[in-house]
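Spelled out from the first residue to the last, the chains are:
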Amino acid sequence: MKYHVLTLFPEMIEQGLNTSIIGRAIEKEIIELNTVDIRDYSVNKHKKVDDYPYGGGAGMVMQAEPVYRAYQSIAGTTQKDKKPRVVFLTPQGRVFNQSIAKELAAEEELIFLCGHYEGIDERVLEMIVTDNLSIGDYVLTGGELAAMVVIDAVSRLVPGVLNNDVSAEIESFHDNLLEYPQYTRPEEFEGRKVPEVLLSGHHQKIEQWRRMQSIQRTATRRPDLIKDASLTEKEKKELGLN
Ligand code: ADE
């Protein structure tokens, strides 16, 4: 997977992603991260990339030309047969979730565009953006943190990024159920014991217990998800869900 990030703050993206699991995947060349500094494509001798909004109003707007030139600088390097999707991070976009992460993980190359100030000149957005994505209903100071969230969630679905491929599937949101609680040594901590069943060595009972924990957790913590989980009739009855 190759990511290109068009941004005014490339060091923020690089520092944010060059650590831990994603950093290791970059080192192992399973994923590739190319940041493009939009300021390098300024057409102004002072390297200015923003200007006042036509029609007036507060704040500055990022100009179309530096963004377009930054985009063109990578458009020439991407695979010839397929134009990569261009994801613009904006609170006006589709709200990002695990199924969008899966969809994006199937791509070979992705371009992210991060805005700042009061926005980007609409004309360049019309020309290059294929997907508008939001990471939630709140407003950030720029698109960089949002791009990092999306890149992190997509990358862990790329084969080889996690050490064990099973865990990417079993974790929260697989089949719309939250993860069951986990415990490790010691058996007792501040008077709190690890649930007996987990020490029993009885694999089938452990599986059943974990599944019920997942279902109960989802029903209480995220009732909005439970309707899309595939539960057996017996499970629904036990939870009083029908
Ligand atoms: N830029 C500013 N706020 C954002 C949000 N909530 N999601 C994505 N990009 C953003």
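One structure accompanies this document, and this report is about it. (Residues numbered from 1 in each chain as written. Predicted model: local features only at pLDDT ≥ 70, side-chain atom pairs only at ≥ 80, totals over all residues. Heavy atoms only, no water.)

Quick notes on the sheet that holds strand 1 (residues 2–7)
Across a sheet, strands are paired by hydrogen bonds formed along the backbone, either parallel or antiparallel in direction.
Here is step 1: The strand order 2-1-6-5-7 describes an open sheet built from 5 strands, whose pairing is parallel. Edge positions in the sheet fall to strand 2 (32–37) and strand 7 (131–134), since each of these pairs with one other strand and no more. Here the strands of the sheet are splayed against their neighbours by 30 degrees on average, with no regard to which way each runs.
Here is step 2: In the sheet, strand 5 (residues 85–95) pairs with strand 6 (residues 109–113) via 4 bridges, with the strands oriented parallel. Bridge pairing links Arg 85 to Leu 110 in strand 6.
Here is step 3: In the packing of helix 6 (residues 144–155) onto the sheet, the strands contacted are strand 1, strand 5, strand 6 and strand 7, and the crossing angle to strand 1 comes to about 175 degrees. (Pairing = 2+ DSSP bridges. Helix = DSSP H or I, 4+ residues; strand = E, 2+ residues; numbered from the N terminus. Axes fitted to C-alpha atoms, helices over the stretch in contact; angles between N-to-C directions. Contact = heavy atoms within 4.5 Å.)

Brief notes about the pattern of salt bridges
Here is step 1: According to the stated counting rule, one finds 13 salt bridges in the structure shown.
Here is step 2: Between Lys 47 and Asp 40 there is a salt bridge, with the nearest N and O atoms lying 3.9 Å from each other.
Here is step 3: The partly exposed category is assigned to Lys 47, whose relative accessible area is 39%.
Here is step 4: Among the salt bridges present, the one from Arg 222 reaches Asp 224, with a minimum N-O distance of 2.8 Å. (Salt bridge = Lys/Arg side-chain N within 4 Å of Asp/Glu carboxyl O. Buried < 20%, exposed > 50% of the residue type's maximum accessible area, 1.4 Å probe, protein only.)

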